[in-house]
Amino acid sequence: LLDISWYTESMKAGHPVEILDRHKLQEQQVDESKEVESIVPSYACQRRTTLENHNTVFTDALSLLAENAELSDEDGRGVAFRRAAAVLKALHSPVTDLLQLRGLPCLGGHSLRVIKDVLENGASSEVECTKQSERFKALKVLTGIFGVGAKTAERWIREGIHSLPQLQDSAHTLNRAQQASLEHYDDLNQPVTKAEGDAIGEIVEKAVMSVLPGAQITLIGGFRRGKLTGHDVDFLITHPEEGREVGLMPKVVSWLESKGFLLYQKTTRNSYLESKDGPARPSSNMDRFERCFSIFKLPEDAKEGTKQTETLTEETPEDTGRLTTPSLVKDEGSESTKRANLKPWRAVRVDLVVSPISQFAFALLGWTGSKLFERELRRWAGHEKAMSLSSHALYDNTQSKYLRASSEEEIFAHLGLEYIPPSERNA
Ligand code: DCT
Ligand code: MG
């Protein structure tokens, strides 16, 4: 590993110029104009991060290491790399010299080594090594099945399972979500476009309107932040009259199912009760709304702008399986893949969330992301404001009371943060 202790030491000492001068940089003039930013706040929720990233070469490298850490069940290390990448994403120009990073927060020794390697050699040896490792490749393939997490993948790899055919040949029984996801593996691992997201939005809107006129549906997740592609499409549904949203999800799901739009769905009930749960954040801030994880069957002509809500022709499960599991049988680019691409629809992961109007602003903020932005908001609330933020509520521990809000702006204000619009939450 590269030795950059001189650099981190100097950062810690708070006198970067002097210390850099004392070490082998005597000859080098420190050019103040090279400093990219003078002050970058340390919480991602205090920064504006658009999709315009001037430092993808570094952020891609750091994100890959973050992904590898997360897939290895080392979330702490994963977050450290994500935070470092997020700082670079917020910069307004490309980094061309390590000295430009003086004073920036969240850049630990490991991340700096990676950046230095990329600056000097065009690539990080650690990243290249990780990308090529059999373990990383296997973790990616196996966790590409929705419902397979780091722990399950790790267990399978220890048993010698590295690929989908090996998994299929093994004695493992998959749960319903995993089976469905495996069946549509290629489609689900192909990015969803904004056009496809909009087409699904029209279908979901039609479903919601026909079962509860007056309900409101909002595109959330990455597409609300302006991303052009995503791994799924997320929607938040509410009704302006508190309580009218109760029982809505099963009706929406039945409508979609009756029209043949769902290849798979699993609905979980709303289990959040303020009086019972109290301010303490549930172990996951995500899982307490009435929520439906689904795999949509999106007709090709729907995404070309035709509003199609007609009943689709039924296919037998055998047909579906044969058409949509090409990579399990042969390599990519095989005859069966080409055949599969001829099918007049594609499978897309869709998340539907229903929230009562009283929690809508919190749900909207919590589900817009990015994941790091959300994590930082909750950390800011807890560490800096003694508050607990979830997708349901904001609790002030000092005043021992809930802080109500009917817009995202009000929540930022409660938190003492400048309002950041969705398009600038791409940390
Ligand atoms: N979310 C979160 N914490 C998680 C998972 C999700 O705060 N562990 C929030 C942030 C984004 C939102 O929920 C939707 O989740 P994803 O669809 O996973 O994220 P995304 O930003 O929409 O990513 P993509 O564009 O790839 O779908
Ligand atoms: Mg999403």
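Conventions and cut-offs
- Residues numbered from 1 in each chain as written.
- Chains lettered and ligands numbered in written order.
- Predicted model: local features only at pLDDT ≥ 70, side-chain atom pairs only at ≥ 80, totals over all residues.
- Heavy atoms only, no water.
- Buried < 20%, exposed > 50% of the residue type's maximum accessible area, 1.4 Å probe, protein only.
- Helix = DSSP H or I, 4+ residues; strand = E, 2+ residues; numbered from the N terminus.
- Arc of directions from axis to C-beta.
- Contact = heavy atoms within 4.5 Å.
- Donors = N, O, S within 2.8 Å, 3.2 Å for Na, K, Ca; no water.
- Polar contact = N/O pair within 3.5 Å; in protein donor to acceptor, adjacent residues only side chain to side chain.
- Salt bridge = Lys/Arg side-chain N within 4 Å of Asp/Glu carboxyl O.
- Near = heavy atom within 4 Å.
- Areas by Shrake-Rupley, 256 points an atom, 1.4 Å probe, with all protein chains shown as cover.

Comments concerning helix H7 (residues 134–143)
Turn by turn, an α-helix covers 3.6 residues, leaving residues three or four places apart pointing in a common direction.
No. 1: Every buried residue belonging to H7 is among Phe136, Ala138, Leu139 and Leu142, and all of these are buried. Buried residues along H7 cover an arc of 165° about the axis, so they all sit on one side.
No. 2: Buried residues in H7 make contact with helix H3 (56–71), helix H6 (125–132) and helix H8 (150–158).

Points about the coordination of the magnesium ion (ligand 2)
No. 1: Protein coordination at the magnesium ion (ligand 2): the donors are Asp232 (OD) and Asp234 (OD), at 2.0 to 2.2 Å from the metal. Each member of the pair, Asp232 as well as Asp234, is classed as buried.

Overview of the environment of Glu242
No. 1: Relative to the assigned elements, Glu242 resides in the loop between strand S4 (233–238) and helix H14 (248–258).
No. 2: In this structure the C-alpha to C-alpha distance between Glu242 and Tyr402, which are 160 residues apart in sequence, comes to 18 Å.
No. 3: Once residues lying within four places of it in the same chain are set aside, the contact partners of Glu242 are Pro356, Ile357 and Ser358.
No. 4: Reaching out from Glu242, the side chain makes a polar contact with the side chain of Ser358 at a distance of 2.7 Å.

Considerations on unusual backbone geometry
No. 1: Here Gly369 and Ser370 are connected by a cis peptide whose omega angle stands at -5°.
No. 2: Assignment of secondary structure puts Ser370 in the loop between helix H20 (360–368) and helix H21 (371–385).
No. 3: In this structure, Cys106 is a non-glycine residue whose phi angle is positive, near 65°.
No. 4: Within the element layout of this structure, Cys106 appears in the loop between helix H4 (75–89) and helix H5 (109–121).

Looking at the pattern of salt bridges
No. 1: Enumeration according to the criterion identifies 20 salt bridges in this entry.
No. 2: With a closest N to O distance of 2.8 Å, Arg82 and Glu70 form a salt bridge. Taken together, the residues span a long stretch of sequence, with Arg82 in helix H4 and Glu70 in helix H3 at a distance of 12 residues.
No. 3: With a shortest N-O distance of 3.6 Å, Lys137 and Glu134 are connected by a salt bridge. Residue Lys137 and its partner Glu134 are located together in helix H7, separated by 3 residues, close to a single helical turn.
No. 4: With a relative accessible area of 39%, Lys137 lands in the partly exposed category.
No. 5: Salt bridges sharing common partners tie together Arg48, Glu418 and Glu424.

Describing the site of ligand 1
No. 1: Taken together, 14 residues surround ligand 1, and among them Gly222, Arg225, Lys227, His231 and Asp232 come closest.
No. 2: Here Gly222 contributes a backbone N or O atom positioned 2.8 Å from an oxygen atom of ligand 1.
No. 3: Separating an oxygen atom of ligand 1 from a side-chain N or O atom of Asp234 is a distance of 3.1 Å.
No. 4: Look at ligand 1: alone it shows 550 Å² of surface, and the protein chains cover 80% of it.

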